[in-house]
Amino acid sequence: MAVLLDGKAVAAKVLAEATARAERLHVRGSSCGLAVVLVGNDPASEVYVRNKRRDCAKCGIETHDFDLPATTTQEELEALLDRLNGDARVSGILVQMPLPAHIDAQRAIQHISPEKDVDGLHPVNLGRLVLGLPGPRPCTPAGVMRLLREYDIDVAGKEVAVFGRSVLVGKPLLLMLTEADATVTICHSKTPHKAETAQRADVVISAIGRAKLVKADWMREGAVVIDVGMNRDEDGRLCGDVDFAQVEPIASAITPVPGGVGPMTRAMLMLNTVAAAERLAGLPGEWPR
Ligand code: NAP
């Protein structure tokens, strides 16, 4: 039976760390605040934003809420971001994606000060990642790396297959795993022989977004399986990319969905926010890796 990689439990530990660091900032009279910007009424985005605000409240991080109408223009959004960049009470800025189609998301991200970019998606911060320099890392890959470390799963010298090449998940994971001395194969929709590629890997990470696509015949016995996917199954229940019932008996360790990578992503956002606040307060502010 595989070890269940309990993202909820590890996230609770990470949130306790963020809470202690936020408290230290309050004691010395420094701000620690996250601006959460939501444009429009996408129901999934509303849930994500509500959860992030709730996490902030739990950690003692002040939230600055901006729920903007779907008709908000690029210029209006950028004017708000300019204002938040200059606001000393705001340590981190989060613009919830996706943005309405008429807004250029890349332009909006580039309007956030790299020092307040707690999602780690500003080109400067992605550049820091490529160069191996400290900086805020995208929260989901950072959460995956932390989860692996918490369970003493050392990827050094291991073969890792990552499915998905998005800027949000797959590409940063490629860099972070390589930095940790793994040998990484990155696969996408055009990759031939996906199952064979996965079978060679000691660790399989899936960030595709297709319910239960990853089956037992993709796995070698004893593989570590990290499921980033968040999908709905045929009954409308939340599920990952991995067919858990099939794969769990073969794996040595596996993340559940829900309760695996999702809580880790949220927790890493809190840690990125306190790190940004510490740095703005002139403290070392170590970024989570
Ligand atoms: P995305 O931008 O849509 O990227 C999906 C990637 O999967 C693409 O690179 C795509 O390849 C690849 N792909 C599609 N079909 C494939 C197939 N049959 N075999 C191999 N690769 C395939 O999605 P994302 O934002 O990275 O998110 C991926 C999943 O993770 C979604 O379910 C999302 O909800 C979830 N997610 C979860 C968290 C969390 O906190 N748990 C955070 C972020 C995302 P191409 O590039 O060739 O199109």
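Caption draft 1: Spotlight on unusual backbone geometry. Here the residue pair Met-97 and Pro-98 is connected by a cis peptide bond, since its omega of 0° sits within 30 degrees of zero. Inspection of the secondary structure puts Pro-98 in the loop between strand E4 (92–95) and helix H4 (105–110). The residue after Val-257, namely Pro-258, is reached through a cis peptide bond having omega 0°. Mapped onto the fold, Pro-258 is located in the loop between strand E11 (253–254) and helix H10 (261–280). Not every positive phi belongs to a glycine, and Asp-152 is a case in point at roughly 55°. Relative to the elements of secondary structure, Asp-152 occurs in the loop between helix H6 (139–150) and strand E5 (159–163). Unlike most non-glycine residues, Lys-212 shows phi in positive territory, near 55°.

Caption draft 2: Main features of the site of the ligand. In the neighbourhood of the ligand, 21 residues make up the surrounding shell, with Arg-165, Ser-166, Ser-189, Lys-194 and Thr-265 lying closest. Take Ser-166: an N or O atom from its side chain is 2.5 Å from an oxygen atom of the ligand. At 2.8 Å from an oxygen atom of the ligand is found a side-chain nitrogen or oxygen belonging to Thr-265. Expressed as a share of its isolated accessible area of 920 Å², the protein-covered part of the ligand is 73%. Counting residues per element, the shell around the ligand draws most heavily on H10, which supplies three residues. Taken together, the residues that form the shell around the ligand break down as eight nonpolar, ten polar and three charged.

Caption draft 3: Up close: the side chain of His-64. Secondary-structure assignment places His-64 in strand E3 (residues 62–68). By relative accessible area, which is 9% here, His-64 ends up buried. Sequence-distant contacts of His-64, that is, excluding residues within four places in its chain, are made with Gly-33, Leu-34, Ala-35, Val-36, Arg-89 and Val-90.

Caption draft 4: Fine view of the pattern of salt bridges. Scanning all chains against the criterion turns up 16 salt bridges. For Lys-13, the salt bridge is made with Glu-150, and the minimal N-O distance between the two is 2.7 Å. With a gap of 137 residues between them, Lys-13 in helix H1 (residues 7–27) and Glu-150 in helix H6 connect regions that are remote in the sequence. Here Glu-150 falls in the partly exposed class, since its relative accessible area comes to 26%. In this structure, Asp-55 and Arg-266 form a salt bridge, with 2.8 Å as the shortest nitrogen-oxygen distance. Separated by 211 residues along the polypeptide, Asp-55 in helix H2 (residues 43–59) and Arg-266 in helix H10 bring together distant segments of the chain. Taking relative accessible area as the criterion, Asp-55 reaches 2% and is therefore assigned buried.

Caption draft 5: Quick look at the nonpolar core. The biggest cluster of nonpolar side chains holds 54 residues, and the ones touching the most others in it are Leu-34, Ile-61, Leu-177, Ile-205, Ile-226 and Met-270. A total of eleven residues in this core trace back to one element, the largest contributor, which is H10. In this structure, this core is formed jointly by two domains, domain 1 (29–114) and domain 2 (139–262), each of which donates at least three residues. Excluding residues that lie within four positions of it along the chain, Ile-226 makes contacts with Leu-5, Val-144, Leu-148, Val-204, Ile-205, Ser-206, Thr-255 and Val-261.

Caption draft 6: Region of interest: the sheet that holds E5. The strand order across the open sheet built from six strands is E1-E11-E8-E7-E5-E6, with neighbouring strands paired in parallel fashion. The two strands at the open ends of the sheet, each matched to only one other strand, are strand E1 (3–4) and strand E6 (183–187). As paired elements, E1 and E11 share two bridges and run parallel to each other. Across the sheet, Val-3 pairs through a bridge with Ala-253, a residue of E11. Helix-sheet contacts for helix H7 (residues 170–179) involve E5, E6 and strand E7 (203–206), and the interaxial angle to E6 is about 170°.

Caption draft 7: Inspection of the layout of surface pockets at higher detail. For the second largest pocket, the calculated volume is near 430 Å³. Surrounding the second largest pocket, 20 residues form its lining, Met-145, Arg-149, Met-176, Glu-179 and Arg-289 being those nearest its centre. Of the residues in the lining of the second largest pocket, the class split is twelve nonpolar, two polar and six charged.

Criteria and cut-off values
- Residues numbered from 1 in each chain as written.
- Predicted model: local features only at pLDDT ≥ 70, side-chain atom pairs only at ≥ 80, totals over all residues.
- Heavy atoms only, no water.
- Helix = DSSP H or I, 4+ residues; strand = E, 2+ residues; numbered from the N terminus.
- Near = heavy atom within 4 Å.
- Polar contact = N/O pair within 3.5 Å; in protein donor to acceptor, adjacent residues only side chain to side chain.
- Areas by Shrake-Rupley, 256 points an atom, 1.4 Å probe, with all protein chains shown as cover.
- Nonpolar A, V, L, I, M, F, W, Y, C, P; charged D, E, K, R; others polar.
- Buried < 20%, exposed > 50% of the residue type's maximum accessible area, 1.4 Å probe, protein only.
- Contact = heavy atoms within 4.5 Å.
- Salt bridge = Lys/Arg side-chain N within 4 Å of Asp/Glu carboxyl O.
- Core = buried A, V, L, I, M, F, W, Y, C linked by side-chain atoms within 4.5 Å.
- Domains from an automatic or database assignment.
- Pairing = 2+ DSSP bridges.
- Axes fitted to C-alpha atoms, helices over the stretch in contact; angles between N-to-C directions.
- 1 Å grid on protein atoms, 1.4 Å probe; cavity = no way out; pocket = protein on both sides within 12 Å on 5 of 7 lines; lining within 4 Å.
- Points joined across faces, edges and corners; volume = space filled by probe spheres on them.

Note that every value here comes from positions in space, so none of it alone points to a role or purpose.
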